[in-house]
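Topology and contacts: notes
The lines below spell out each chain.
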Amino acid sequence: MGAVVLRLRAAPAVPLEAPCIRPDHFAALSEAEIARLPVWHGSEARALGDFFDVRGGHADDVRVKGELSRVKHLGAEMAGGRLVIEGDAGPHAGAGMAGGTLRIEGDAAAWAGAEMRGGVLEVRGRVRAYAGGAYAGSRWGMAGGLLLVHGDAGDFLGVRMRRGTIAVAGCAGECAGAEMIAGSILVFGDVGRRPGFGLKRGSIVVHGAVEPPPTYRYACTYRPPHLALYLRELARRGLPIEERFLGGAYRRYNGDFAELPRGEILAWTT
Amino acid sequence: MEIEGVRIRDTFAEAFDVWAARAVITARTPAWALEAARAMTGFATSLIGCKVEAGIEAALEPEATPDGRPGVAVLLFAFDRDGVAKRLVERVGQAVLTCPTSACFDGLPDAAERVPVGARLRYFGDGFQASKRLGPRRFWRVPVMEGEFLVEDSFGAQPGVGGGNLILLARDADAALEAAEAAAAAMRRVPGVVLPFPGGVARSGSKVGSRRYKALAASTNEAYCPTLRGRLGVATELPEDVNAVLELVLDGLDAAAVAAALAAGIRAACRPGVVEISAGNYGGKLGRHHFRLHELLAAVEA
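Owing to the predicted nature of the structure, the values given are computational and were not obtained by experimental measurement.

Along its length, chain B carries seven helices and 18 strands. At 21 Å, chain B has a C-alpha radius of gyration in line with the 19 Å of a compact globule built from 302 residues. Its C-alpha atoms put chain B at 65 × 45 × 30 Å along the principal axes. A total of 302 residues make up chain B; the buried ones form 55% of that total. Of the accessible surface of chain B, which amounts to about 13,700 Å², a share of 53% is contributed by carbon and sulfur atoms. Computed over 34 positive and 36 negative side-chain charges, the separation of the two mean positions in chain B equals 6 Å.

See below:
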């Protein structure tokens, strides 16, 4: 069973909504059936084959090629299989995904992995705002799985996150982990203003510069034993972890005291 | 059969079904990991007397542990799954949680059965504990005065084999001890087994029940006590030239591990001063695992 390959013929004039691009669904479909799957081009209902050359079928290993930054919902809600985006991905890539592996070779637009529940979303480039976050009106953002970002992350990373792990090799924007309910966010660069505001539980671990909000209280400087597991797992998955982080101590800030103060910001020191 | 002038009795070691778990203890240094492991495996020589048998399986390099620190693998055996669960909670709670810098992880993650360990010990955190989930595994961070104790939520439990044994019959106590030490060292090198008695060796081999004291579950095995040779009511099992006997008892994660360790132990124990190597059994009534000594050696040579 070979891979299914989709090649976008040309960048669409208006955003193309293609939540049908899911490897777990492709496993049961022939090449012709995949080409007939519905997409939205602006307000117009079209078929996937109107925009993509489709090669292969009956496989849950899918590669998508072309200028995809205007293609939305790639791999959204996928529950299994492997999807590789050879380039940038449009908004909502991997949103709500529950399983499988989604790898984006370039950058991911806003809402990458929003409200994802499981699986692994790996972005080799940057992610924009609200990665792993919650949609407006939703109680929970990311509720499981692993979001791995090799570049930087935008604002509101993991907002209202409830479970799972987000790791960012670069820096994160403002309000990372805002209103977080549980889970772990690890950033290996700097984070912007107001990290973890309104956080109830969960951990924000920062290895670069960070200024905890005033509603956090310094507790102690120590070596959280669980972080060794996280760092080793992230390194195993190919995230570049500097050697100095493996044995370091962290300043622990408890908070957010404006909320249920059972969370923490762990700021790496030496 | 003879090896190096030592007779190998044509008999079998009788072992029985138990349940097993493996704990991986890590700490800042190998010495502290070993301290915790020793405390956890203390007073765990006999299922009958201690409700648990446990021992140190191996020292682990940092690369082989979940958190990249030096570690020690401990095997623990009980009669049933619930026994494994209870003993793990007691011993991790009293011996590992208390030990500076330690953490404790499941060493049988692929076992089909799971027993709660961190899920129970977390209550020591009195509401301040926090959980972390990494992939399929869940951990508890329990606040302690030094920082945090990290323990895995549940541990794998699997059927194991308990009570494998060898009996070394020697001309004198020195020869018996040297042979036992050599055998224990060889047996410990086999993965998946532990020898729960002190140094891996027991001098007080027992029989089931008692001739005189009905309340006793076990009492001295007079047939192997050289001081009782010739006493009325004693059917000695000892040849004339035997003046000291030591026993090695082992538990394993499976019958193959026990068999390999027994074979290694027999080979290592065949040295000057040892007259005969035998094994303890109850005529096949105690357990379904029968390790015939001659067959073990034949399998190794094959």
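So much for the structure itself; the text now carries on.
At the interface, 19 residues of chain B touch 19 residues of chain A. Of the roughly 1,400 Å² buried between chain B and chain A on both sides combined, carbon and sulfur atoms contribute 56%. Our enumeration of links across chain B and chain A arrives at two salt bridges. Where A:E264 meets B:R141, a salt bridge forms, and the shortest distance between an N and an O atom there is 2.6 Å. Remark: the boundary between chain B and chain A carries twelve residue pairs in polar contact (both at pLDDT 80 or more). Listed by contribution, the elements that provide at least two residues to the side of chain B that touches chain A are β8 (130-134), β9 (137-144) and β10 (147-152) of chain B.

All names here are of chain B. With the rule as written, the count across this model stands at zero disulfides over all chains. Cysteine C99 remains unbridged, with the sulfur of C104 as its closest cysteine sulfur at 11 Å. Note on C99: relative accessible area 9%, which makes it buried.

Quick look at the domain arrangement of chain A now. Residues and elements named next belong to chain A. Domain boundaries in chain A define domain 1 (1-72) and domain 2 (78-268). Taken together, the contacts link 15 residues of domain 1 with 13 residues of domain 2. Carbon and sulfur atoms supply 49% of the area buried between domain 1 and domain 2, which totals about 1,300 Å² over both sides. On the surface where domain 1 and domain 2 come into contact, there are three salt bridges. Measuring nitrogen to oxygen at the nearest pair gives 3.1 Å for the salt bridge that ties E86 to K65. Looking at the side of domain 1 that touches domain 2, the elements that each hand over two or more residues are α1 (23-26), β6 (61-65) and β7 (71-72). Counting residues per element, the side of domain 1 that touches domain 2 draws most heavily on β6, at five residues. Its residues assigned to classes, the side of domain 1 that touches domain 2 shows six nonpolar, two polar and seven charged.

What follows covers the pairing of strand β9 (residues 99-104) of chain A. Two elements, strand β8 (residues 79-86) of chain A and β9(A), share five bridges in a ladder whose sense is parallel. Each bridged residue has a counterpart across the sheet, and for A:I85 the counterpart in β9(A) is A:I104.

Cis rather than trans, the peptide bond between A:G255 and A:D256 has omega equal to -5°. The backbone phi angle of A:W111 is positive, close to 70°, even though this residue is not glycine. Relative to the assigned elements, A:W111 resides in the loop between β9 and β10 (120-123). One non-glycine residue, B:F43, lies in the positive phi region at around 45°.

On to helix α3 (residues 81-96) of chain B. Look at α3(B): 21 Å from first C-alpha to last across 16 residues, which is about the 22 Å you get at 1.5 Å a residue. For α3(B), every residue scored as buried is listed here: B:G83, B:V84, B:A85, B:R87, B:L88, B:R91, B:V92, B:G93, B:A95 and B:V96.

Residue and element names in this part refer to chain B. With their axes 8 Å apart at the nearest point, helix α5 (residues 173-188) and helix α6 (residues 255-269) run at an angle of 145° to one another. The two elements α5 and α6 cross, and the hand of that crossing is right-handed. Residues A179, A182, A183, A186 and M187 of α5 pack against A261, L262, A264, G265, A268 and A269 of α6. Residues of the contact of α5 with α6, tallied by class, amount to ten nonpolar, one polar and no charged.

Moving on to the layout of surface pockets. All names here are of chain B. Looking at the second largest pocket, its volume works out to about 1,100 Å³. Taken together, 41 residues line the second largest pocket, and the ones lying closest to its centre are G205, S206, K207, E247 and Y282. Elements with a minimum of two residues in the lining of the second largest pocket: β3 (12-26), α2 (47-50), β11 (154-170), α5, β14 (206-208), β15 (218-220) and β16 (244-252). Among the elements that line the lining of the second largest pocket, the one with the most residues is β16, at five residues. Residues of the lining of the second largest pocket, tallied by class, amount to 22 nonpolar, twelve polar and seven charged.

Our next topic: helix α1 (residues 30-40) of chain B. Residues and elements named next belong to chain B. Taken together, the buried positions of α1 are occupied by A33, A36, A37 and M40. The arc that holds the buried residues of α1, viewed along the axis, is 100°, so those residues lie on one side. Facing away from the buried side of α1, by more than 90 degrees, are the exposed residues A31 and R38. Contact partners of the buried residues in α1: β3, β4 (53-60), β5 (71-78) and α3.

Rules used throughout
Residues numbered from 1 in each chain as written. Chains lettered and ligands numbered in written order. Predicted model: local features only at pLDDT ≥ 70, side-chain atom pairs only at ≥ 80, totals over all residues. Heavy atoms only, no water. Helix = DSSP H or I, 4+ residues; strand = E, 2+ residues; numbered from the N terminus. Rg over C-alpha atoms; globule rule 2.2 N^0.38 Å. Buried < 20%, exposed > 50% of the residue type's maximum accessible area, 1.4 Å probe, protein only. Areas by Shrake-Rupley, 256 points an atom, 1.4 Å probe, with all protein chains shown as cover. Lys, Arg positive; Asp, Glu negative; His and termini not counted. Charge placed at Lys NZ, Arg CZ, Asp CG, Glu CD. Contact = heavy atoms within 4.5 Å. Buried area = accessible area lost by both parts, 1.4 Å probe. Salt bridge = Lys/Arg side-chain N within 4 Å of Asp/Glu carboxyl O. Polar contact = N/O pair within 3.5 Å; in protein donor to acceptor, adjacent residues only side chain to side chain. Disulfide = S-S within 2.5 Å. Domains from an automatic or database assignment. Nonpolar A, V, L, I, M, F, W, Y, C, P; charged D, E, K, R; others polar. Pairing = 2+ DSSP bridges. Expected span 1.5 Å × (residues − 1). Axes fitted to C-alpha atoms, helices over the stretch in contact; angles between N-to-C directions. Left-handed = near helix turned anticlockwise from the far one by under 90°. 1 Å grid on protein atoms, 1.4 Å probe; cavity = no way out; pocket = protein on both sides within 12 Å on 5 of 7 lines; lining within 4 Å. Points joined across faces, edges and corners; volume = space filled by probe spheres on them. Arc of directions from axis to C-beta.

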